[in-house]
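An overview of the molecular structure
Chain residues, written in single-letter form:
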There are 2 protein chains.
Amino acid sequence: MQKSIAQFYTQETPILIAVDCVIFGYQEGQLNILLIKRNFEPGLGQWSLMGGFLQGNETLDWAAKRILHQLTGLDNVYLEQLHAYSEVARDKAARVVSVAYYALIDIATSNEQLTKTQEAAWFSINNIPKLIFDHREMCDKAWKRLQRKSLSQPIGFELLPTKFTIPQLQQLYEAIHNENLDKRNFRKNILLSGLITKLEEKNKEGSKKGAFLYVFNTEKYAALTESGTSIQFK
Amino acid sequence: MQKSIAQFYTQETPILIAVDCVIFGYQEGQLNILLIKRNFEPGLGQWSLMGGFLQGNETLDWAAKRILHQLTGLDNVYLEQLHAYSEVARDKAARVVSVAYYALIDIATSNEQLTKTQEAAWFSINNIPKLIFDHREMCDKAWKRLQRKSLSQPIGFELLPTKFTIPQLQQLYEAIHNENLDKRNFRKNILLSGLITKLEEKNKEGSKKGAFLYVFNTEKYAALTESGTSIQFK
DNA sequence: TTTATTAAGTGTAAAAAATACATTTAATAA
DNA sequence: TTATTAAATGTATTTTTTACACTTAATAAA
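The structure contained in this document is the topic of the report that follows. (Residues numbered from 1 in each chain as written. Chains lettered and ligands numbered in written order. Predicted model: local features only at pLDDT ≥ 70, side-chain atom pairs only at ≥ 80, totals over all residues. Heavy atoms only, no water.)

**Some details on the sheet that holds strand S8 (residues 164-165) of chain A**
Residue and element names in this part refer to chain A. Strands sit in the order S8-S10-S9 across an open sheet of three strands; the sheet is antiparallel. This sheet does not close on itself; its edge strands, each paired only once, are S8 and strand S9 (196-203). Relative to strand S10 (residues 211-216), S8 runs antiparallel, the two sharing two bridges. In the strand pairing of S10, threonine 165 is matched with leucine 213. (Pairing = 2+ DSSP bridges. Helix = DSSP H or I, 4+ residues; strand = E, 2+ residues; numbered from the N terminus.)

Below is the structure:
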């Protein structure tokens, strides 16, 4: 049973704790983040990350899930804690420490729910509007983290539909890392790893010829992780 | 001017914020962490990380610095935020979210102040006693972070005296990564990078022959960072 | 039905990086 | 003078990374 805050830690300053989410989505070769136009003070009318306050009965991870679900209607989304921001005057309305998270979602599965409750819009990571507080800093840090993590863990796939083509996967990595990759080397490496499995279907959106669809191979990844083999995506 | 918490965010739950420090030190081929025996409730008499509460007028970074100074007497120490821990019942005395930091210090420069205020002791990273709350989790995460960061940034040097020998540096990396390194390859790589500068002095503690002392080359590192060259320690 | 168009798909050679490995040297102590 | 000990040194092999150009499948246009 949890005792009252005053039990042992008297005289300590209670400070509000917020959670803000950098939500990444990928579409048409662009890495995007989802922003909302604030309909409340402070910062009414300005662009910001989706956020909320940590409740007494939830962990930070749960709060991030709740906040993400509120905006996108999605569950079972990749979410990772990023960093705690604590400048004393970061939020002029109160002393608020914000713990930033980043999420990776497949834009296609989320667009229905979006903008029902709040005015929300996707922005290219290369063209982020002015954001309130330290939210820009959060976005920059989240992008760097995504760049680093996507090299050694299969988190990029969270941004794609279950079935994807190799050119799509390559374009995604090019968007994440903001660089061009050689298509022969990219294909060679990813196939050699055994981490994606070819289907008999083709996707013909991108060309007349069409490109074969693949799925991520969860078992193979588990086996490699288990055996301690270090993995190199890209 | 900061307004009262009630200004806009009414009805939000105030939660205490703590800062806990995983303090690394290196001595005699061992990577160690500094622990205190708690002289207060809850957990009186148990081993724990050094910690404290975030005050209303300080950032998390400042709080971590303050806490570290309290125990070691040191300033200008390498400190980095690690992760926020928020299990609802992690601290039975109250709802406390703890933001963990890790610090790297040169043991030699800190030993005077130590244990004056609190009972504190160094433990090998391979032999950590039972810790309160989730402090063991914090230590494990901090070690992993140190392993990763020490490969691409010169943070290992924070654990050594200003002047060090190449065998000492190698031993340090071996302790951090818990693996043996080839001394010819290690020496070759670190010298080739230009990141350490040879002195005319020798350190004769380790052998009759003595090993030449080196210092970290801050300018060279700045130049490489500036030019965007990716750096590989070890 | 032929031809043009377009992105998908394919292999090899060269360069760079990482690894494995054994002997000599400098200083002190016996 | 000799023995001892850790420091210092270079090369060959393997592995990984990079650079690079033509063919193929399908559709649309002539």
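**Looking at unusual backbone geometry**
For residues that are not glycine, phi is negative in most cases, and the peptide bond is trans in most cases. That bond from A:Glu41 to A:Pro42 is cis: its omega, -10 degrees, falls within 30 degrees of zero. With respect to the helices, strands and loops of the structure, A:Pro42 is situated in the loop between strand S2 (30-37) and strand S3 (47-48). One non-glycine residue, B:Asn76, adopts positive backbone phi at about 55 degrees. Within the secondary structure, B:Asn76 is located in the loop between helix H1 (60-72) and strand S5 (78-85). What makes B:Asn76 exposed here is its relative accessible area of 81%. Phi angles above zero are rare outside glycine, and B:Phe133 is one such case at about 50 degrees. (Buried < 20%, exposed > 50% of the residue type's maximum accessible area, 1.4 Å probe, protein only.)

**Some thoughts on the pattern of salt bridges**
Pairs may arise between side chains of opposite charge once their charged atoms sit close together. For the structure shown, the criterion picks out 14 salt bridges over all chains. As a salt-bridge pair, A:Arg145 and A:Glu80 come within 2.8 Å of each other at their nearest N and O atoms. Of this pair, A:Arg145 sits in helix H3 (residues 135-152) while A:Glu80 sits in strand S5 (residues 78-85), and the two are 65 residues apart along the sequence. Taken individually, A:Arg145 and A:Glu80 each receive the classification buried, so the pair is uniform in this respect. Between B:Glu80 and B:Lys149 there is a salt bridge, with the nearest N and O atoms lying 3.6 Å from each other. Taken together, the residues span a long stretch of sequence, with B:Glu80 in strand S5 and B:Lys149 in helix H3 (residues 135-152) at a distance of 69 residues. By relative accessible area, which is 13% here, B:Glu80 ends up buried. Taken together, the shared-partner salt bridges in this structure form one network comprising A:Glu80, A:Arg145 and A:Lys149. (Salt bridge = Lys/Arg side-chain N within 4 Å of Asp/Glu carboxyl O.)

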